[in-house]
Amino acid sequence: MMNRIVLVGRLTRDPELRKSANDVSVATFTIAVDDYSQKDANGQKSTTFLNVVVFRQSADNVQKFCRKGSLVGVDGKIRQRNFTKKDGSNGTVYEVVADSVQFLEPKGSRTTEDTGYTPDEAPAPKAESKNLDAIDVADDDFPF
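First, a word on what this report is: a plain description of the structure on this page. Remember, it's a predicted structure, so these values are computed and weren't measured experimentally.

Quick notes on the rules
Residues numbered from 1 in each chain as written. Predicted model: local features only at pLDDT ≥ 70, side-chain atom pairs only at ≥ 80, totals over all residues. Heavy atoms only, no water. Helix = DSSP H or I, 4+ residues; strand = E, 2+ residues; numbered from the N terminus. Buried < 20%, exposed > 50% of the residue type's maximum accessible area, 1.4 Å probe, protein only. Contact = heavy atoms within 4.5 Å. Areas by Shrake-Rupley, 256 points an atom, 1.4 Å probe, with all protein chains shown as cover. Core = buried A, V, L, I, M, F, W, Y, C linked by side-chain atoms within 4.5 Å.

A few words now on the overall build of the chain. Scanning the chain for helices and strands turns up 2 helices and 6 strands. When the helices and strands of the chain are placed in sequence order, the string is β-β-β-β-α-β-β-α. Of all 144 residues assigned to the chain, the portion counted as buried reaches 26%. Restricting to contacts in the chain with at least 6 residues of sequence separation, those with at least 24 account for 55%. Within the structure as shown, the chain displays about 10,800 Å² of accessible surface, and the carbon and sulfur contribution to it stands at 49%.

Here it is as structure tokens:
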């Protein structure tokens, strides 16, 4: 049997980092994943919101480098967790336990307004790319 999920989405809130009783870093966040194959009556895309949990160094990196709106790739598995609510009834939650989280935006590509950084925390602006249209490449240069 296989339990594997790969998602690409944007964080809906800043990640929350805490330490377990064994001093293991645990980060939790929610991502919004758009589904363009399902549209509502107005033609708008459908969005699914998924809770994600990640451990150890990956948790520290997510907390350090990701903010609300960050585009990430998540590779992991689905986990069902049962719990008891305050009123004594049982509840179930499904979450993604990430084996890895990939940061899919170049460093500094988001503006201060998008990330919520204060001006002195904001990453350096992205460097201008050079115009590569003038490069002359013959078809024989490609190996395929």
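Next up on the list: the side chain of Thr-28. With respect to the helices and strands, Thr-28 occurs in strand E3 (residues 25-39). Classification of Thr-28 as buried rests on a relative accessible area of 19%. Setting aside residues no more than four positions away along its own chain, Thr-28 makes contact with Arg-13, Pro-15, Glu-16, Arg-18, Val-52 and Val-53.

This brings us to the nonpolar core. Within the largest apolar cluster, 17 residues are counted, with the highest numbers of intra-cluster contacts made by Phe-29, Ile-31, Val-52, Val-54, Val-72, Val-74 and Val-101. Mapped onto this core, the elements with two or more residues apiece are strand E1 (5-11), E3, strand E4 (45-55), helix H1 (56-65), strand E5 (71-84) and strand E6 (90-103). Filtering out sequence-adjacent residues up to four positions away, Val-74 remains in contact with Ile-5, Val-6, Leu-7, Phe-29, Ile-31, Val-52, Val-96, Ala-98 and Ser-100.

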